[in-house]
Amino acid sequence: MDDNEIPQYFICPISLQIMKDPVTAVTGITYDRESIEKWLKTAKDITCPVTKQVLPSGSDLTPNHTLRRLIQAWCTANASEAIDKVPGLYVNALNKMEVLAKDIERNKKSMEEAGVAKAVILLLIRCYNESKTTGVEQALRILCLIWTPSREIKDLLNENQHFIDCLTWILGCDIENHVVIKTLAMQTLKQVIEAVNPRSLEKMKPEFVKEMLRILKLKISKQATKSALQILIQACLWGRNKSKIVQANTIFELIELELEKPEKNISELVFNLLAHLCSCAEGRAEFVRHAGSIAMVAKRILRVSPVTDDQAVCILSLISKNAATREILLEMLRVGAVTKLCMVIQADCPTYLKQKARGVLRLHSNLWSNSPCIAVYLLTRYQR
């Protein structure tokens, strides 16, 4: 073993940190006193976290003085190297904890209450600070399994902005088993974005947006794609993020993604994000710049879901009211967008959606009324 390597038996299986006050349960497993006492206090059934054996009522935790002296001696000898920071040596403990988290709901709950989620978050941040990826996959798996946005976790995330940077870094790493790890990182990032104070999202870094777009382009997994879309939808609601997202060429990538006809729930997220981005002038300008944008929206109306219909009509309404050059209006007619709006009025759609479609038709009825592509009575009945 390397002289500077932390001995595995110095690490508490619960906190993943070097033990300060090691105590041994009757099962023979040693833990840090603070961690095991918290576990036993919060668990419904008194069991050993590692072996899952039931601990006899009133069983004692025996101080392990020999191990404590060894840890103290090792820390003193290695203090100059500041070596109690090697995350890669926690892999065995992480693997054991993942088994626990998967086992039964009781273990997940006990791990959460024992502060495991906080310990794993701090471990991942340590990996980020040291640019080490060993143990990252196991840590992310555990976090996804036991994640609950408790007050303690929210406070930690709001006080420590580095965790979002940490997850962004993981997404950009050239790492083994990258599909699984990046899918887990995206799932974790989505949960973090939902939990943090919105003010944390107001100053989103350009690198963050770039990584989200890279996930969309690579299509590493459907779950990662959905998470990226959900994160961008949440982020664009705050500060100047909407402008940053538009400037990153997001609208072009969204249109290209939708042209491939993804599954329904991805289409719904794509249209949701497009509607948000088209609510600003920059977004509308980028939208109409893509040669296939209006045709794509028109084609998907009444073909995917009511949610997509809602957002699609919203997009056409925003474009027709705020970016309606003669060329664009004629394109709407040529590619079938106007016809689809008429079909919305005739279809079994909600009243508010019919009214929105009707409003677009009325707004430009002078240009569209003589077209053979549209039933004239639908327009003449609603003249301004």
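What counts as what
- Residues numbered from 1 in each chain as written.
- Predicted model: local features only at pLDDT ≥ 70, side-chain atom pairs only at ≥ 80, totals over all residues.
- Heavy atoms only, no water.
- Salt bridge = Lys/Arg side-chain N within 4 Å of Asp/Glu carboxyl O.
- Helix = DSSP H or I, 4+ residues; strand = E, 2+ residues; numbered from the N terminus.
- Buried < 20%, exposed > 50% of the residue type's maximum accessible area, 1.4 Å probe, protein only.
- Phe/Tyr/Trp six-rings, centres within 6.5 Å; stacked < 30°, edge-to-face > 60°.
- Axes fitted to C-alpha atoms, helices over the stretch in contact; angles between N-to-C directions.
- Parallel < 35°, antiparallel > 145°, perpendicular 65-115°, else oblique.
- Left-handed = near helix turned anticlockwise from the far one by under 90°.
- Contact = heavy atoms within 4.5 Å.
- Core = buried A, V, L, I, M, F, W, Y, C linked by side-chain atoms within 4.5 Å.
- Pairing = 2+ DSSP bridges.
- 1 Å grid on protein atoms, 1.4 Å probe; cavity = no way out; pocket = protein on both sides within 12 Å on 5 of 7 lines; lining within 4 Å.
- Points joined across faces, edges and corners; volume = space filled by probe spheres on them.
- Nonpolar A, V, L, I, M, F, W, Y, C, P; charged D, E, K, R; others polar.
- Expected span 1.5 Å × (residues − 1).

- As annotated in an unreviewed UniProt entry, the protein chain carries the name U-box domain-containing protein and is attributed to Hibiscus sabdariffa.

**Here's the deal with the pattern of salt bridges**
- Going through the model one piece at a time under the given rule, you end up with 16 salt bridges.
- One salt bridge in this structure joins aspartate 21 and arginine 68, with 3.8 Å as the shortest N-O distance. Of this pair, aspartate 21 sits in the segment before β1 (22-24) while arginine 68 sits in helix α2 (residues 65-78), and the two are 47 residues apart along the sequence.
- Of the residues examined, aspartate 21 reaches a relative accessible area of 22% and is grouped as partly exposed.
- One salt bridge in this structure joins glutamate 263 and lysine 226, with 4.0 Å as the shortest N-O distance. Here glutamate 263 is found in the loop between α13 (250-259) and α14 (264-277), whereas its partner lysine 226 is found in helix α11 (residues 222-235), with 37 residues between them in sequence.
- Assessed through its relative accessible area of 28%, glutamate 263 is described here as partly exposed.
- Three or more residues joined by partner-sharing salt bridges are found here, namely Asp21, Arg33, Glu37 and Arg68.

**As for unusual backbone geometry**
- Positive phi, normally seen in glycine, also occurs at serine 131, with a value near 55 degrees.
- Structurally, the position occupied by serine 131 is in the loop between α5 (116-130) and α6 (136-146).
- Residue serine 131 is classed as exposed on the basis of its relative accessible area, which comes to 56%.
- Phi is positive for lysine 261, which is not a glycine, with a value near 55 degrees.
- Secondary-structure assignment places lysine 261 in the loop between α13 and α14.

**Focus: the packing of aromatic side chains**
- Scanning the entire structure with this criterion turns up two aromatic pairs.
- Judged by centre distance (5.0 Å) and plane angle (85 degrees), the rings of tyrosine 9 and phenylalanine 10 are edge-to-face.
- On the accessibility criterion, tyrosine 9 (52% relative accessible area) is exposed.
- Residue class for phenylalanine 10 comes out buried when judged on its relative accessible area of 3%.

**Observations concerning the packing of helix α8 (residues 162-172) against helix α9 (residues 178-195)**
- Contact pair α8 / α9: the axes reach a minimum separation of 9 Å and the direction vectors enclose 155 degrees. Compared by their axis directions, α8 and α9 come out roughly antiparallel. α8 and α9 meet at a crossing whose hand is left-handed. On the side of α8, the interface is formed by Phe163, Ile164, Leu167, Ile170 and Leu171, while α9 contributes Ile181, Lys182, Ala185, Met186, Thr188, Leu189, Val192 and Ile193.

**Remarks on the nonpolar core**
- Leu124, Phe163, Ile170 and Phe287 are the most contacted members of the largest nonpolar core, which totals 122 residues.
- Not counting the four nearest positions on each side in its chain, phenylalanine 287 is found in contact with Ile251, Ile255, Leu274, Cys278, Ser293, Ile294, Val297, Ile315 and Ile319.

**Regarding the sheet that holds β1**
- With antiparallel pairing, three strands are arranged side by side in an open sheet as β2-β1-β3. Among the strands making up the open sheet, the edge pair consists of β2 (30-32) and β3 (62-63).
- Relative to β2, β1 runs antiparallel, the two sharing three bridges. Each bridged residue has a counterpart across the sheet, and for proline 22 the counterpart in β2 is aspartate 32.
- Lying on the sheet, helix α1 (residues 33-42) is in contact with β1, β2 and β3; it crosses β2 at an angle near 95 degrees.

**Overview of empty space enclosed by the protein**
- Taken as a whole, this structure holds one cavity of 30 Å³ or more when the rule is applied.
- Space inside the largest cavity adds up to approximately 40 Å³.
- Taken together, Leu157, Asn160, Gln161, Phe163, Ile164, Val192, Val196 and Ser200 form the lining of the largest cavity.
- Partitioning the lining of the largest cavity into residue classes produces five nonpolar, three polar and no charged.

**What about α14?**
- Between its first and last C-alpha, α14 extends 20 Å over 14 residues, near the 20 Å set by a 1.5 Å rise per residue.
- All of the buried residues along α14 are Ile266, Ser267, Glu268, Leu269, Val270, Phe271, Leu273, Leu274, Ala275 and Leu277.
- Structurally, α14 contributes buried residues whose contacts are with α11, α12 (241-247), α13, α15 (281-289), α16 (293-300) and α17 (306-322).

**Structural notes on the layout of surface pockets**
- Of the pockets and cavities examined, the largest pocket occupies roughly 510 Å³.
- If you go around the largest pocket, you meet 21 residues; those closest to its centre are Ser15, Gln17, Glu34, Ser35 and Ala119.
- Listing elements by their share of the lining of the largest pocket, those giving two or more residues are α1 and α5.
- Ranked by residues supplied to the lining of the largest pocket, first place goes to α5 with six residues.
- Taken together, 14 residues make up the lining of the second largest pocket; nearest its centre are Ile164, Asp165, Lys203, Met204 and Lys205.
- Elements supplying a minimum of two residues to the lining of the second largest pocket: α8 and α10 (206-218).

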